[in-house]
Amino acid sequence: MSKAMRILVLTVYCLIGAVHGLYHSCKDIYANDPNSVSGTYQIMNRKQEPFTVYCDFYADYGYTYIANTTSVHIDIDDLYTSKTHAMVRHLNLAGRQKETKMEQISKYSSQFPLSFQYNANVGYAMPYNHQQMAPYLYLGFLPLTVAQNRNQQGYRSNGVDYLFNNCDSNPNSYMAFYFNHNHHVALNYAGCCDSTLMHDWVTHGTDVPSSRYLPQEFYFFFELHMGGCGGYAIPPTIIHDVQGAALGLRFDYENPCVPSPCQNGGSCYPNGGNQFICECSEGFTGTLCQNIA
Ligand SMILES: *[C@@H]1O[C@H](CO)[C@@H](O)[C@H](O)[C@H]1NC(C)=O
C-alpha cells in the first residue's frame, strides 16, 4: 500500500472511530495511534455510553484516570491490563500533584494481585462511606480471607513496604475513591484512626511534571482503610494537606510492529489493536513483503 493510501485508510478509520465510539479504553486510542498525546478523551462503556477519561501515555504503556463527574457504568476491566500496580496521584492544598506506584506488599505480591472494582468490593471489605457516597472505584490490597487475620499487612508505595500488625483482625485493606455526586459529608469513623501509615504514600509521593497534570475533575474524595489498627483516613480531616486522589489504571500495549513482522526491509505501521500494515521496499510485495515483485 502506498503512503498516501495508508494515510487515507488511517484517516477514515479514525473518523469512524470518533463518530461511532470504537474506543473503549485508552489502550484502544493508543493502539489506533501510538502518537496520541496525553490528555482528556471520551471513551465508551459496553453500552456505548460515553464518559471522560485522562489517558496518560508513555511508550507502549500508560494509565487511565476516570473523571469524577462520570455517571454511567464503568466496565473497569476494560481499562487495565495489569494488576501488579496502580498509579495513585494526589492533589495537595497548594495545587501540586504527586504520584506513587501502589503495589501489594512484597510477601503477598506473587499470590495476591491488586483488585480493581467499580462500585463493588467482591472478596474485600466494604468501604465505610459506600451508603451515601457510592458509586466508587475500589483498590483492594489483601482479600478478606487474608486481611481478617492478625498478621502483618499494609501497602507498598514507590517500592517500599509500609506495614502494620492487624491487632483486631478487622479485614479492611483498601482505598476507595468516591464519586459522591450528591456531595454528602463523610461519616466519621469513630473519630479516629490516624497513623503514620495513613500518610506514608503522600509523604513519599514523587512530583508529577506540570505538563502531565490532571485537570481537577479527575481527583476524588477518598478513604484509606487498613485493618482496625492500621488506620482510617479521609481528606482533609486526617490527611490535612490533600484535596483529592486519583486512581491510575495501568495498561500495556503490545506493539504489533515490535519485533517487525515485515520482511525484506519493509516498514511496519500499527493499524489498530494487533493489526499492522507493511510498507514494502522497492521490489517486494505481499502483506509481509515476503514476495519478490
Ligand atoms: C470532583 O472534582 C471537582 C473539581 O473539578 C471537585 O470540586 C469535586 O469536589 C470532586 N468530587 C469529588 C467527589 O471528589
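The shown structure was predicted, so the numbers you read here are calculated from the model rather than taken from an experiment.

**With respect to the overall build of the chain**
Turning to step 1, where the next piece is worked out: The helix and strand inventory of the chain stands at 5 helices and 18 strands.
Turning to step 2, where the next piece is worked out: Based on the C-alpha atoms only, the size of the chain along its principal axes is roughly 75 × 40 × 35 Å.
Turning to step 3, where the next piece is worked out: Residue pairs at least 24 apart in sequence account for 63% of intrachain contacts in the chain once pairs closer than 6 positions are excluded.
Turning to step 4, where the next piece is worked out: Entry remark: accessible area of the chain is about 13400 Å², with carbon and sulfur atoms responsible for 53%.

**Some remarks on the pattern of salt bridges**
Turning to step 1, where the next piece is worked out: Under the defined criterion, the tally for this structure stands at 9 salt bridges.
Turning to step 2, where the next piece is worked out: One salt bridge in this structure joins Asp207 and Arg96, with 3.0 Å as the shortest N-O distance. With Asp207 in strand S11 (residues 206-207) and Arg96 in the loop between strand S4 (85-92) and strand S5 (97-103), the pair connects residues that are 111 residues apart, well separated along the chain.
Turning to step 3, where the next piece is worked out: Given a relative accessible area of 40%, Arg96 falls into the partly exposed group.
Turning to step 4, where the next piece is worked out: Across the salt bridge formed by Lys98 and Asp207, the nearest N and O atoms sit 3.8 Å from each other. With a gap of 109 residues between them, Lys98 in strand S5 and Asp207 in strand S11 connect regions that are remote in the sequence.
Turning to step 5, where the next piece is worked out: With a relative accessible area of 46%, Asp207 lands in the partly exposed category.
Turning to step 6, where the next piece is worked out: If you follow the salt bridges from partner to partner, you end up with Asp56, Arg89, Glu99 and Arg212 in one network.

**A word on the packing of aromatic side chains**
Turning to step 1, where the next piece is worked out: Scanning the entire structure with this criterion turns up 24 aromatic pairs.
Turning to step 2, where the next piece is worked out: In textbook terms, an aromatic cluster arises when at least three aromatic residues are bridged by ring pairs, as seen for Tyr124, Tyr136, Tyr138, Tyr174, Tyr178 and Phe221.
Turning to step 3, where the next piece is worked out: Sitting above the plane of the Tyr58 ring, Arg212 keeps its charged end 3.9 Å from the centroid.

**Remarks on the state of the cysteines**
Turning to step 1, where the next piece is worked out: Per the stated rule, a full pass over the model turns up 6 disulfides.
Turning to step 2, where the next piece is worked out: A disulfide bridge connects Cys167 with Cys229, and the sulfur atoms are separated by 1.7 Å. Linking Cys167 and Cys229, the disulfide has an S-S dihedral of approximately -100° and is accordingly described as left-handed. Of this pair, Cys167 sits in the loop between strand S9 (160-165) and strand S10 (173-178) while Cys229 sits in the loop between strand S12 (221-226) and strand S13 (231-233), placing them 62 residues apart in sequence.
Turning to step 3, where the next piece is worked out: Its relative accessible area of 42% is what places Cys167 among the partly exposed residues.
Turning to step 4, where the next piece is worked out: Residue classification places Cys229 among the partly exposed residues on the basis of a relative accessible area of 31%.
Turning to step 5, where the next piece is worked out: Shown here is the disulfide that connects Cys262 with Cys278, its sulfur atoms set 2.1 Å apart. Its S-S torsion of approximately -85° makes the covalent link between Cys262 and Cys278 left-handed. In this pair, Cys262 is assigned in the loop between strand S14 (242-252) and strand S15 (267-270) and Cys278 in strand S16 (residues 276-279), connecting sequence segments 16 residues apart.

**Some remarks on the side chain of Glu99**
Turning to step 1, where the next piece is worked out: Tracing the backbone shows Glu99 in strand S5.
Turning to step 2, where the next piece is worked out: Side-chain polar atoms of Glu99 contact the side chain of Arg89, separated by 3.3 Å.

**Some points on the nonpolar core**
Turning to step 1, where the next piece is worked out: One finds Leu137, Leu139, Tyr155, Met175, Phe177 and Trp201 to be the most contacted residues of the largest nonpolar core, which totals 48 residues.
Turning to step 2, where the next piece is worked out: Broken down by element, this core gets its largest block of residues, 5 residues, from S14.
Turning to step 3, where the next piece is worked out: For Tyr155, the residues in contact, after removing those within four places along its chain, are Met102, Glu103, Ile105, Phe141, Val160, Asp161, Tyr162, Leu197, Asp200, Trp201, Leu224 and Met226.
Turning to step 4, where the next piece is worked out: If you look at the next biggest cluster of nonpolar residues, it comprises 13 residues, including Ala125, Tyr138, Ala176 and Tyr178.

**Focus on the domain arrangement of the chain**
Turning to step 1, where the next piece is worked out: Each assigned domain of the chain is listed with its residue range as follows: domain 1 (3-251) and domain 2 (254-293).
Turning to step 2, where the next piece is worked out: Of note, the centres of domain 1 and domain 2, computed from C-alpha atoms alone, are 37 Å apart.

Analysis parameters
Residues numbered from 1 in each chain as written. Predicted model: local features only at pLDDT ≥ 70, side-chain atom pairs only at ≥ 80, totals over all residues. Heavy atoms only, no water. Helix = DSSP H or I, 4+ residues; strand = E, 2+ residues; numbered from the N terminus. Contact = heavy atoms within 4.5 Å. Areas by Shrake-Rupley, 256 points an atom, 1.4 Å probe, with all protein chains shown as cover. Salt bridge = Lys/Arg side-chain N within 4 Å of Asp/Glu carboxyl O. Buried < 20%, exposed > 50% of the residue type's maximum accessible area, 1.4 Å probe, protein only. Phe/Tyr/Trp six-rings, centres within 6.5 Å; stacked < 30°, edge-to-face > 60°. Lys NZ or Arg CZ within 6 Å of the ring centre and 35° of its normal. Disulfide = S-S within 2.5 Å. Polar contact = N/O pair within 3.5 Å; in protein donor to acceptor, adjacent residues only side chain to side chain. Core = buried A, V, L, I, M, F, W, Y, C linked by side-chain atoms within 4.5 Å. Domains from an automatic or database assignment.

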